[in-house]
Amino acid sequence: MIKKLPSLTFILGNLVVLAGLALLAYLGFYNRYWSDDWCYSADARELGTIPATLQYFGTAETGYSTNRYSLTFFSALTENTLGMFGNQIFATLTIVLWLGGLFWVGKNLARLLKPFAASAILLSAGILLFYNLYLSPQRFQILYWRSGVLPYSTAIIFGLFLLGFITQQMNREKPARWINFVVAPLAFITAGLGEISCVFLFSATTLLLLAAWLAKKQDWAKKSFQTIFITWLFLLLGMIALIVSPANVRVAGMDAKRNSLLAVPFVSLRHAVDFIVFSLKGLLLPHLVFIGMMTGMAILATDTNASNLTVKRVAVLLAFTTLITFLLIIVIQVPSAYFYSATPDPRGKSLARFTLLLGLAIMAWVTGMWTAQKISSKWLLLASVVVMLAGFAYTARTIKIIYGELDGFVYRAQIWDERDAIIEEAKSQGNLLVEVPVIDTAEIHTRDIFKTSGNAWTKYVQNCGTRYYGVDGLKVMP
């Protein structure tokens, strides 16, 4: 029975975590357009997918950053092919692709380093993804708001796919040339999703390239170096494309106070420390639960006969992981520290949350493997199972909390659909000045079609919503 405990624990854990991810995906079907979505969709309807993307070369005010060529392209493509349905399935696609990317990379690394059961890899990927979304500084915007999903969550997904191809090269007997022809355009597309995610992924790839160069005599480095370099090069080209876009003239006209280049590293360092301290101090319990489950899972999954970790090697791995995690969190702060003398928006901090959790997961896994190697006892096994079960119980409780958000999603969808019907009915009768109900979006911290305060409360206004519907003005109902 004891021998079956690990596999039974993994099965139970996967059922709990996948249920939580399924609930998060389900909420997305009640999602609609918000804030910048209106502008992207209006341009997609009026101009078409490619002409809308080519606004990269323009300087006209659009309501969004047209230098982010991939963000514009995917937003317009979704609107012009799937319409609202595309927006509703964004959460499902994001979760499925994110989980798939994590599993693919984990599977490749397991083949390269230590063999682990597929159920353990899936569970670790699921726990990482679920807690990343649950603890996100702005879950709604990085999972449901299309204009926030693409530059942050989609960028991480594409980054995982790039890493999947790289780690696949490491495991091949002979590197495949076709992979290089895939990662080149994928890296360039990934870079065009947003500045913060581009800087983050470029920096991570730079560190990986440096590691491969230093270990150039090792087999994994020889097989993957060219693919890593091509990924790095096209991320760099994409970053340059973001910087040189004529559309960036809008930045010069902003009132935001910029930091000097000399001050940026120190400001970014302070912001990174503040983020880590707030995360570990303000959200201590969920982080402890996360670390406990990852450690327990490593203990249950480790083959003690195949493990050869020494104290020195464990210390080096923990120190190295801590350093890389900290450096990447610093890098995430850089664009906002330079352009706005501030920390990133909560959706931007989601990248730092994912990085922090990933670093903690690696450190917990290494610690668990070493513990399993040093303490070969059924009591350690049973203790790990107890810790995992407690973690699953806590996770089930968070799923219940998330379920409590369903009514809000349903309410917003109902009012949104009512407003949509009012506008279409008015248009059919030739009325192009339409009064519509306002939607309370305070719970999701994302602006509706109207600003929180503005002229729409007193007179008809023109905005991206009016362009989307093809009307002359919209006004909030009294």
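Structure report, in brief. (Residues numbered from 1 in each chain as written. Predicted model: local features only at pLDDT ≥ 70, side-chain atom pairs only at ≥ 80, totals over all residues. Heavy atoms only, no water.)

### Quick word on the overall build of the protein
Here is the rule we go by: The helix count covers DSSP runs of H or I at least four residues long, the strand count covers runs of E at least two residues long, and both are numbered beginning at the N terminus. Every radius of gyration here is taken over C-alpha atoms, with the globule rule written as 2.2 Å times N^0.38, N being the number of residues. Exposure classes here rest on a 1.4 Å probe applied to the protein chains alone. A residue is buried below 20% of its type maximum, exposed above 50%, and partly exposed in between. Here, residues are in contact when the closest pair of their heavy atoms is within 4.5 Å. In these tables, accessible area is a Shrake-Rupley quantity obtained with a 1.4 Å probe, and a residue counts as shielded only by the protein chains included in the view. A positive count includes Lys and Arg, and a negative count includes Asp and Glu. His and the chain ends are not counted in either. All charge positions are set by atom: Lys at NZ, Arg at CZ, Asp at CG, Glu at CD.
The secondary structure content of the protein amounts to 20 helices and 2 strands. Its C-alpha atoms give the protein a radius of gyration of 24 Å, within 12% of the compact-globule value 23 Å for 478 residues. Along the first, second and third principal axes, the C-alpha set of the protein runs to 75 × 45 × 40 Å. The buried share among the 478 residues of the protein stands at 54%. Across the protein, contacts joining residues at least 24 apart in sequence account for 80% of those joining residues at least 6 apart. By element, 67% of the accessible surface of the protein is carried by carbon and sulfur atoms, the whole surface being about 21700 Å². Within the protein, one finds 39 positive and 25 negative side-chain charges whose respective centroids are separated by 18 Å.

### Here we look at a nonpolar patch on the surface
The condition that has to hold: Within this analysis, patches are made of residues with over 30% relative accessible area and no salt bridge. Like charges are joined at 9 Å or less; nonpolar side chains (Val, Leu, Ile, Met, Phe, Trp, Tyr) at 5 Å or less. The working definition used for a salt bridge is a side-chain nitrogen of Lys or Arg within 4 Å of a carboxyl oxygen of Asp or Glu.
Among the surface-exposed residues, F188, L237, I240, I243 and V244 lie close enough to one another that they form a single nonpolar patch of about 440 Å² accessible area. Note that I240 resides in helix 12 (residues 219-244).

### Digging into the environment of Q141
Our working definition: Distance and chemistry together define a polar contact, namely a pair of N or O atoms within 3.5 Å, with one atom able to donate a hydrogen and the other to accept it when in protein, and with adjacent residues in sequence counting only for side-chain atoms on both sides.
Within the secondary structure, Q141 is located in helix 8 (residues 139-143). Counting along the chain gives 303 residues from Q141 to I444, while the straight-line C-alpha distance between them is 7.9 Å. The contacts of Q141, once residues within four sequence positions are left out, are G148, V149, R347, H445 and T446. At 3.0 Å, the side chain of Q141 and the backbone oxygen of H445 are in polar contact.

### Structural notes on unusual backbone geometry
One non-glycine residue, S35, adopts positive backbone phi at about 45 degrees. With respect to the element layout, S35 can be found in the loop between helix 1 (5-27) and helix 2 (36-47). With relative accessibility at 12%, the residue S35 sits in the buried group. Phi angles above zero are rare outside glycine, and H445 is one such case at about 55 degrees. Counting through the fold element by element, H445 comes out in the loop between strand 1 (433-436) and helix 20 (464-469).

### Section: the pattern of salt bridges
Applying the stated criterion across every chain, the model contains 10 salt bridges. Among the ionic pairs, R467 bridges to E46, the shortest N-O distance being 3.0 Å. Placement of R467 in helix 20 and of E46 in helix 2 is noted, with a sequence separation of 421 residues between them. The salt bridge involving E405 is made with R139; its shortest N-O contact spans 3.0 Å. Residue E405 is located in the loop between helix 18 (378-403) and helix 19 (406-428), and its partner R139 is located in helix 8; the two are separated by 266 residues in the primary sequence. When its relative accessible area of 13% is taken as the criterion, R139 is described as buried. One network of salt bridges, in which partners are shared, links D43, E46 and R467.

### Here's the deal with the environment of N180
Among the structural elements, N180 can be located in helix 10 (residues 177-191). C-alpha of N180 to C-alpha of P335: the two residues are 155 residues apart in sequence and 29 Å apart in space. Among residues more than four places away in sequence, those in contact with N180 are Q169, Q226, T227 and I230. Polar contacts involving the side chain of N180 include one to the side chain of Q226, which spans 2.9 Å.

### Description of the packing of helix 1 against helix 15 (residues 284-301)
Rules: Between N-to-C directions, angles span 0 to 180 degrees; the directions come from axes that are lines fitted to C-alpha atoms, helices contributing only their stretch in contact. Angles below 35 degrees are treated as roughly parallel, those above 145 as roughly antiparallel, those between 65 and 115 as roughly perpendicular, and all remaining angles as oblique. Left-handed is the label given to a crossing in which the near helix is rotated counterclockwise from the far helix by less than a right angle, and right-handed is the label when the rotation is clockwise.
It is the contact of helix 1 with helix 15, at a shortest axis distance of 9 Å, that shows an interaxial angle of 140 degrees. Accordingly, the angle class assigned to the pair helix 1 and helix 15 is oblique. Where helix 1 crosses over helix 15, the handedness of that crossing is left-handed. Within the contact between the two elements, helix 1 uses P6, T9 and F10 and helix 15 uses M297, L300 and A301.

### Some thoughts on the packing of aromatic side chains
The following threshold applies: Note on aromatic contacts: the rings of Phe and Tyr and the six-membered ring of Trp form a pair at centre separations within 6.5 Å, being stacked when their planes are under 30 degrees apart, edge-to-face when over 60 apart, and tilted otherwise. Any Lys NZ or Arg CZ that is within 6 Å of a ring centre and within 35 degrees of that ring's normal is treated as a charge sitting over the ring.
Under the defined criterion, the tally for this structure stands at 29 aromatic pairs. Members of the aromatic cluster, each reached through a chain of ring pairs, are Y33, W38, W416, Y468 and Y469. Directly above the ring of Y468 sits R45, whose terminal nitrogen or CZ lies 3.8 Å from the centroid.

### Overview of the side chain of Q55
Position of Q55 relative to the elements: it lies in the loop between helix 3 (49-53) and helix 4 (69-82). Overall, the relative accessible area of 18% leaves Q55 in the buried class.

### Topic: the pairing of strand 1
Let me state the cut-off plainly: Strands qualify as paired when DSSP identifies two bridges or more between them.
Of the two faces of strand 1, only the one carrying V434 and V436 is buried; L433 and E435 on the other face are not. The pairing of strand 1 with strand 2 (residues 473-476) spans 4 bridges and is classified as parallel. Within strand 2, the position partnered with V436 by the bridge is V476.

### With respect to the side chain of R419
Within the secondary structure, R419 sits in helix 19. Dropping the residues within four chain positions of it, R419 is found in contact with W38, V436, P437, I439, D448, I449 and F450.

### Focus on the environment of A426
Secondary-structure assignment places A426 in helix 19. Its relative accessible area of 9% is what places A426 among the buried residues. Taking C-alpha positions, A426 is 38 Å from I95, a pair spaced 331 residues apart along the chain. If near-sequence neighbours (up to four positions away) are discounted, A426 is found in contact with N431 and V434.

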